[in-house]
Amino acid sequence: EAQVTQNPRYLITVTGKKLTVTCSQNMNHEYMSWYRQDPGLGLRQIYYSMNVEVTDKGDVPEGYKVSRKEKRNFPLILESPSPNQTSLYFCASSLSGTEYGYTFGSGTRLTVV
Amino acid sequence: SQQGEEDPQALSIQEGENATMNCSYKTSINNLQWYRQNSGRGLVHLILIRSNEREKHSGRLRVTLDTSKKSSSLLITASRAADTASYFCACPAPGGSYIPTFGRGTSLIVHP
């Protein structure tokens, strides 16, 4: 089944403890992106990648890192999480930029205390 | 930066009625997409309309695009309770980004 898999689905962590949210797609998509969703703010883009080793900042990149060493994987790294990073995170992938629809993962609900 | 904005923010209708949601955007685009999100779950791609298309259909969905007004609408005909969800439009960010940006969405409730 064609899908984007995020892990974990739920995560509660403490301030400052490094964490990684994994994202993997099995559709050989070039483009991948991370979004966070907060009430009243909609989805905001964190980072995106157009291909292996090619990443760029979105609208809210502060406090996040990403890497794209393989085409299928696009992990989101929070080096020192803070409570304002409590949010619902989505990974998405597409065959090619905005010419095709994006396939979204099921989301990761992160709480930083 | 955000490109599209949906209107209204919330919509409540009875089953069987039609639901219309609108999206306005700021700068020229090559295409526009609509997505649905059931509560707390991942977004699902519904339809993509290109700038040279005026109208597109998919089942009970009808999407229009008016590039002169920089607006799009999503019409759901004969709505069902299962259509209850948030609906988002997505456009390339200003400056020609290849990654779509999303509005805040329209929350649709369809009462049985």
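It should be emphasised that the depicted structure is a prediction, and the values quoted were computed from it without experimental measurement.

Observations concerning the overall build of chain B
Along its length, chain B carries zero helices and eleven strands. For chain B, the succession of helices and strands along the chain, N to C, is β-β-β-β-β-β-β-β-β-β-β. For 112 residues, the compact-globule formula gives about 13 Å, and the C-alpha radius of gyration of chain B, at 13 Å, lands near that figure. For chain B, the C-alpha atoms occupy an extent of roughly 45 × 30 × 20 Å along the three principal directions. For chain B, with 112 residues in total, the buried portion stands at 45%. Across chain B, every contact between residues at least 6 apart in sequence was considered, and the portion connecting residues at least 24 apart equals 54%. Summed over its atoms, the accessible surface of chain B is roughly 5,200 Å², and 46% of this surface lies on carbon and sulfur atoms. Charge centroids of chain B, computed over 12 positive and 9 negative side chains, lie 6 Å from each other.

Observations concerning the interface of chain B and chain A
Taken together, the contact pairs 23 residues of chain B with 24 residues of chain A. Where chain B touches chain A, the interface holds zero salt bridges. Summed over the shared surface of chain B and chain A, the result is five residue pairs in polar contact (both at pLDDT 80 or more). Within the side of chain B that touches chain A, the residues separate by chemical class into nine nonpolar, eleven polar and three charged.

Details of the sheet that holds strand S8 (residues 71-76) of chain B
Strand pairing in a sheet relies on backbone hydrogen bonds, with the paired strands running either antiparallel or parallel. All names here are of chain B. The antiparallel open sheet is built from five strands, whose spatial order is S1-S3-S8-S7-S6. The sheet is open, and its two borders are formed by strand S1 (4-7) and strand S6 (55-58), each paired with just one other strand. Here the strands of the sheet are splayed against their neighbours by 20 degrees on average, with no regard to which way each runs.

Let's talk about the state of the cysteines
Inspection of the entire model under this criterion finds two disulfides over all chains. The residue that forms a disulfide with cysteine 23 of chain A is cysteine 91 of chain A, at a sulfur-sulfur distance of 1.9 Å. On the sign convention where negative means left-handed, the S-S torsion of about -70 degrees between cysteine 23 of chain A and cysteine 91 of chain A marks this disulfide as left-handed. Here cysteine 23 of chain A is found in strand S3 (residues 19-25), whereas its partner cysteine 91 of chain A is found in strand S9 (residues 87-94), with 68 residues between them in sequence. Cysteine 91 of chain A shares its class with cysteine 23 of chain A; the two are buried. Across the disulfide, cysteine 23 of chain B is cross-linked to cysteine 89 of chain B (sulfur-sulfur distance 2.1 Å). Between cysteine 23 of chain B and cysteine 89 of chain B, the disulfide has an S-S torsion of 65 degrees and is therefore right-handed. On the criterion of sequence distance, the pair formed by cysteine 23 of chain B in strand S3 (residues 19-25) and cysteine 89 of chain B in strand S9 (residues 85-92) is long-range, its members being 66 residues apart. The same class applies to cysteine 23 of chain B as to cysteine 89 of chain B, namely buried. Not part of a disulfide, cysteine 91 of chain B finds its nearest cysteine sulfur in cysteine 23 of chain B, a span of 4.6 Å.

Some points on the packing of aromatic side chains
Residue and element names in this part refer to chain A. Summed over the entire model, instances satisfying the criterion amount to seven aromatic pairs over all chains. Their ring planes at 75 degrees and their centres at 6.2 Å tell us that phenylalanine 90 and phenylalanine 104 sit as a pair that is edge-to-face. Here the residue phenylalanine 90 occupies a position in strand S9, and phenylalanine 104 occupies one in strand S10 (residues 103-104), the gap between them amounting to 14 residues. Residue phenylalanine 90 is classed as buried on the basis of its relative accessible area of 0%. Relative accessible area serves as the criterion here: at 10%, phenylalanine 104 is assigned to the buried category.

Some details on a nonpolar patch on the surface
Together, Ile12, Val14 and Val113 of chain A give the surface a local cluster of nonpolar side chains, amounting to about 300 Å² of exposed area. Within the secondary structure, isoleucine 12 of chain A sits in strand S2 (residues 10-13).

Structural notes on the sheet that holds strand S8 (residues 76-78) of chain A
Residue and element names in this part refer to chain A. Spatially, S1-S3-S8-S7 is the arrangement adopted by the four strands of the open sheet, whose pairing is antiparallel. Edge strands, defined here as strands with exactly one partner in the open sheet, are strand S1 (4-7) and strand S7 (65-66). As judged from the three bridges shared by S3 and S8, these two strands associate in the antiparallel manner. By the bridge assignment, leucine 19 is partnered in S8 with leucine 78.

Cut-off values and rules
All residue numbers refer to position in the chain's written sequence, counted from 1. Chains carry letters and ligands carry numbers; both start at the beginning, A for chains and 1 for ligands, and go up in the order they are written. pLDDT decides what is reported in this predicted model: residues at 70 or higher carry local features, side-chain atom pairs at 80 or more are listed and counted, and totals for whole chains, interfaces and linings draw on all residues regardless. With hydrogens and water excluded, all non-hydrogen atoms of the structure serve as input to the side-chain values. Working definition: helices are DSSP H or I runs of at least four residues, strands are E runs of at least two. Numbering for both runs from the N terminus. The globule rule used here is 2.2 Å times the number of residues to the 0.38 power, and the radius of gyration it is set against is calculated over C-alpha atoms. Per-residue accessibility, obtained with a 1.4 Å probe over protein chains only, is compared with the maximum for each type, and a residue is labelled buried under 20%, exposed over 50%, and partly exposed between these values. Whether two residues are in contact is decided by their heavy atoms, any of which lying within 4.5 Å being enough. Under the convention used here, a 1.4 Å probe and the Shrake-Rupley method define accessible areas, while residue burial counts only the protein chains that appear. Charged-residue counts in this description rest on Lys and Arg as positive and Asp and Glu as negative, His and the chain ends being excluded. Note on charges: their place is set at NZ of Lys, CZ of Arg, CG of Asp or CD of Glu. We count a salt bridge whenever a side-chain nitrogen from Lys or Arg sits within 4 Å of a carboxyl oxygen from Asp or Glu. Under this definition, polar contacts are N or O atom pairs within 3.5 Å; protein pairs additionally need one hydrogen-donor-capable and one acceptor-capable atom, and for neighbouring residues in sequence, both atoms have to be side-chain atoms. Any residue outside Ala, Val, Leu, Ile, Met, Phe, Trp, Tyr, Cys, Pro, Asp, Glu, Lys and Arg is labelled polar, Gly included; the first ten of those are nonpolar and the last four are charged. DSSP calls a pair of strands paired once it identifies at least 2 bridges connecting them. What counts as an axis is a line fitted to C-alpha atoms, over the stretch in contact for a helix, and the angles between N-to-C directions run from 0 to 180 degrees. By definition, disulfides here are pairs of cysteine sulfur atoms that lie within 2.5 Å. Only the six-membered ring of Trp is used, alongside the rings of Phe and Tyr, when aromatic pairs are assigned; centres must lie within 6.5 Å, and planes under 30 degrees apart are stacked while those over 60 apart are edge-to-face, with the rest tilted. Patches were defined on residues exceeding 30% relative accessible area and lacking a salt bridge, with like-charge contacts within 9 Å and nonpolar side-chain contacts (Val, Leu, Ile, Met, Phe, Trp, Tyr) within 5 Å.

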